[in-house]
Amino acid sequence: MGYEFTEEENKSFKSLYTSMILVSGIFTLFSIVLFIASFQKNDGLMFSRAITFLLFGIILFFPTDNFLKITTTMGNDIHELITGTKELANGFMLMNIVLLFNRLLILASVYIKL
């Protein structure tokens, strides 16, 4: 049998899981509001921000199952921690790329309007 985190450590992982679900949900809800507003105002930049927030919500949601499994399964804690950490690191890298792309769109829109 593999390593098992203590009950106190599991509480920390459960808290991380809950926080990630909450933030993911907030990003997703905010993206819906921005999608609606972007269509009402016919605003392409607002639409790109809506896509950005939706992607952030999805990216933060993906590794949550691994952090929850740490608290609910036996014998796979280290594997789930490593997998969740890798998914989170990849997600943050993807978030950086999305932000860079978003900034390039903003710069392009300013240049085109001039």
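Preceding this paragraph is the structure being described.
Keep in mind the model is a prediction, meaning the values are calculated, not measured.

Undergrad: Honestly, the overall build of the protein in this entry has me stumped. Any pointers?
TA: When its secondary structure is counted, the protein shows four helices and zero strands. Listing each helix as α and each strand as β along the protein from the N terminus yields α-α-α-α. In terms of overall dimensions, the protein is more spread out than a globule: its C-alpha atoms have a radius of gyration of 18 Å, far above the 13 Å expected for 114 residues. Overall, the C-alpha framework of the protein stretches about 65 × 25 × 15 Å when taken along its three principal axes.

Undergrad: I'm lost on the packing of helix H1 (residues 7-41) against helix H2 (residues 44-61) in this one. Help?
TA: Angle between the axes and distance between the axes are the two parameters that describe a pair of packed helices. Close contact between H1 and H2 brings their axes to 7 Å; oriented N to C, the two are set at 160 degrees. Considering the angle they form, H1 stands roughly antiparallel to H2. Both H1 and H2 take part in a crossing whose hand is left-handed. Class assignment for the residues of the contact of H1 with H2 results in 18 nonpolar, five polar and two charged.

Undergrad: Teacher, can you tell me more about unusual backbone geometry here?
TA: One non-glycine residue, Asn42, adopts positive backbone phi at about 50 degrees. Looking at where Asn42 falls in the secondary structure, it is placed in the loop between H1 and H2.

Undergrad: Can you walk me through H1 in this structure?
TA: An α-helical turn contains 3.6 residues, so any two residues separated by three or four positions project in the same direction. The terminal C-alpha atoms of H1 lie 51 Å apart, and with 35 residues this matches the ideal 51 Å at 1.5 Å per residue to within 8%. Within H1, burial applies to Asn10, Phe13, Met20, Ser24, Phe27, Ser31, Leu34, Phe35, Ala37 and Ser38. Just downstream of H1, Asn42 is the residue with a positive phi angle, here 50 degrees.

Undergrad: What is the right way to read the packing of aromatic side chains from this model?
TA: Per the counting criterion, the structure on display carries eight aromatic pairs. Relative to Phe56, the ring of Phe27 has its centre 5.5 Å away and its plane inclined at 90 degrees; by these criteria the two rings are edge-to-face. Placement of the pair is Phe27 in helix H1 and Phe56 in helix H2, with a sequence separation of 29 residues. When sorted by exposure, Phe27 lands in the same class as Phe56, which is buried.

Undergrad: What's the story with the pattern of salt bridges in this structure? I'm lost.
TA: For the structure shown, the criterion picks out one salt bridge. Note that Lys69 is salt-bridged to Asp65, the shortest N-O span being 3.9 Å. One end of the pair, Lys69, and the other, Asp65, are both in helix H3 (residues 64-72), four residues apart, so they sit about a helical turn from each other. Its relative accessible area of 35% is what places Asp65 among the partly exposed residues.

Undergrad: What is the right way to look at the packing of H1 against H3 in this model?
TA: The N-to-C vectors of H1 and H3 enclose an angle of 155 degrees; their axes lie 8 Å apart at closest approach. Relative to H3, H1 is oriented roughly antiparallel. Crossing handedness for the pair H1 and H3: left-handed. Counted together, Asn10, Phe13, Lys14, Leu16, Tyr17, Met20 and Ile21 of H1 and Thr64, Phe67, Leu68, Ile70 and Thr71 of H3 form the full contact between these two elements. Of the residues assigned to the contact of H1 with H3, the class counts are eight nonpolar, three polar and one charged.

Rules used in this analysis
Residues numbered from 1 in each chain as written. Predicted model: local features only at pLDDT ≥ 70, side-chain atom pairs only at ≥ 80, totals over all residues. Heavy atoms only, no water. Helix = DSSP H or I, 4+ residues; strand = E, 2+ residues; numbered from the N terminus. Rg over C-alpha atoms; globule rule 2.2 N^0.38 Å. Axes fitted to C-alpha atoms, helices over the stretch in contact; angles between N-to-C directions. Parallel < 35°, antiparallel > 145°, perpendicular 65-115°, else oblique. Left-handed = near helix turned anticlockwise from the far one by under 90°. Nonpolar A, V, L, I, M, F, W, Y, C, P; charged D, E, K, R; others polar. Expected span 1.5 Å × (residues − 1). Buried < 20%, exposed > 50% of the residue type's maximum accessible area, 1.4 Å probe, protein only. Phe/Tyr/Trp six-rings, centres within 6.5 Å; stacked < 30°, edge-to-face > 60°. Salt bridge = Lys/Arg side-chain N within 4 Å of Asp/Glu carboxyl O. Contact = heavy atoms within 4.5 Å.

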